[in-house]
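Structural features, examined
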Amino acid sequence: MDAPRYTRVAMALHWLVALCLIGQFVLGWYLEGIPRGVPDRSYFVNIHKSTGMLIGLLILLRIGWRLAHRPPVLPASVPDWQQKAASVIHFLLYFFMLMLPLTGYIASNFSKWGVKFFNTIEMPPWGMEDKAIYAFFNQLHGLISWILLGLIILHVLAAVSHFVSGHRDVIYRMLPGSSSGR
Ligand code: HEM
Ligand code: HEM
């Protein structure tokens, strides 16, 4: 019998969010490399803020959907400690996935710039201009980006190790169009 698999919606949300996050990381690192004061910088920062807010909404949708749907049980051949580790890592992935756009959004609202959505729509900040609060949330945003990256690497290594150790069902559960791997 085929192992239970994630639904199409779960797979679509998983891979869409994964792709968006990777693109957003690249954009974040790219803008860190643009010298301050160059006009292009604010253009790219606003693109990053705008796509980041949209990805944040997508992540909220994903978490909402996940809370209403139980994931399929893992094959019994996966040891108990690995099942527990997977639950903890998945929880942390969701948590930091949400905190990353949230800290960026909060930081932006304590600077006088706010967000210029896709460089066209001004979204005036709802907070006062405060350099200390801005710096705090901005640094938290940077720190969380590295924590999330570490968790993603751990997650991918776990997936790859299941694949090489013969537990291929675990990967096929999240891949569209494939059977249980047999
Ligand atoms: C930005 C990158 C990624 C993030 C944030 C992410 C996040 C997650 C989360 C939160 C889950 C848990 C789903 C649930 O049960 O609620 C999950 C499951 C899964 N992910 Fe990812 N993922 C990413 C990339 C990848 C990649 C690149 C692979 C493949 C190498 C992968 C393979 C899987 C598999 C196989 C599962 C199912 C695990 C299971 O059956 O318990 N993910 N992912
Ligand atoms: C899921 C979404 C997001 C990801 C993956 C992400 C990722 C990143 C990364 C990797 C950096 C570079 C950090 C560093 O190396 O110090 C960064 C910087 C930044 N991000 Fe995000 N971010 C996201 C969402 C947002 C949102 C929603 C906002 C604001 C509305 C935002 C505002 C910023 C700002 C202002 C910076 C610093 C730019 C500067 O140096 O002036 N980010 N982000």
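Residues numbered from 1 in each chain as written. Chains lettered and ligands numbered in written order. Predicted model: local features only at pLDDT ≥ 70, side-chain atom pairs only at ≥ 80, totals over all residues. Heavy atoms only, no water.

Our next topic: the coordination of the iron atom of ligand 1. For the iron atom of ligand 1, every protein donor is listed as His14 (NE2) and His155 (NE2), and the spread of their distances is 2.0 Å. Relative to the metal, the 6 donor atoms surrounding the iron atom of ligand 1 lie at angles of 87 to 179°, and the coordination shape comes out octahedral. Here the residue His14 occupies a position in helix H1 (residues 8–32), and His155 occupies one in helix H4 (residues 131–164), the gap between them amounting to 141 residues. The exposure class of His14 is buried, given its relative accessible area of 13%. Residue classification places His155 among the partly exposed positions, given a relative accessible area of 26%. (Donors = N, O, S within 2.8 Å, 3.2 Å for Na, K, Ca; no water. Tetrahedral: all angles 85-135°; square planar, octahedral: opposite > 155°, others 65-115°. Helix = DSSP H or I, 4+ residues; strand = E, 2+ residues; numbered from the N terminus. Buried < 20%, exposed > 50% of the residue type's maximum accessible area, 1.4 Å probe, protein only.)

What characterises a pair of aromatic rings is the spacing of the ring centres plus the angle enclosed by the ring planes. What the rule picks out here adds up to 9 aromatic pairs. Both rings, one in Phe110 and one in Trp126, keep their centres 5.7 Å apart while their planes meet at 85°; by these two values the pair is edge-to-face. In this pair, Phe110 sits in the loop between helix H3 (80–108) and strand S1 (115–117) while Trp126 sits in the loop between strand S2 (121–123) and H4, placing the two residues 16 residues apart along the sequence. With 5.1 Å between their ring centres and 85° between their planes, Phe136 and Phe137 make a pair best called edge-to-face. Among the aromatic residues, ring-to-ring pairing joins Phe25, Trp29 and Trp146 into one connected group. A cation sits over an aromatic face here: Arg168 above Phe163, 4.2 Å from the ring centre. (Phe/Tyr/Trp six-rings, centres within 6.5 Å; stacked < 30°, edge-to-face > 60°. Lys NZ or Arg CZ within 6 Å of the ring centre and 35° of its normal.)

This part is about the site of ligand 1. In the vicinity of ligand 1 lie 21 residues, with His14, Arg66, Tyr94, His155 and Arg173 positioned nearest. Side-chain polar atom of Tyr94 to an oxygen atom of ligand 1: 2.6 Å apart, as the coordinates give it. One of the side-chain nitrogen or oxygen atoms of His155 is found 2.8 Å away from a nitrogen atom of ligand 1. Secondary-structure elements contributing two or more residues to the shell around ligand 1 are H1, helix H2 (39–68), H3, H4 and helix H5 (168–172). For the shell around ligand 1, the residue count by class is 15 nonpolar, 3 polar and 3 charged. (Near = heavy atom within 4 Å. Polar contact = N/O pair within 3.5 Å; in protein donor to acceptor, adjacent residues only side chain to side chain. Nonpolar A, V, L, I, M, F, W, Y, C, P; charged D, E, K, R; others polar.)

In the UniProt entry, the feature "domain: Cytochrome b561 bacterial/Ni-hydrogenase" (unreviewed entry) is given for residues 5–177. Taken end to end, residues 5–177 has its terminal C-alpha atoms 11 Å apart, with 71% of it in helix and 3% in strand. (UniProt positions renumbered as here; feature names shortened; annotations may be inferred.)

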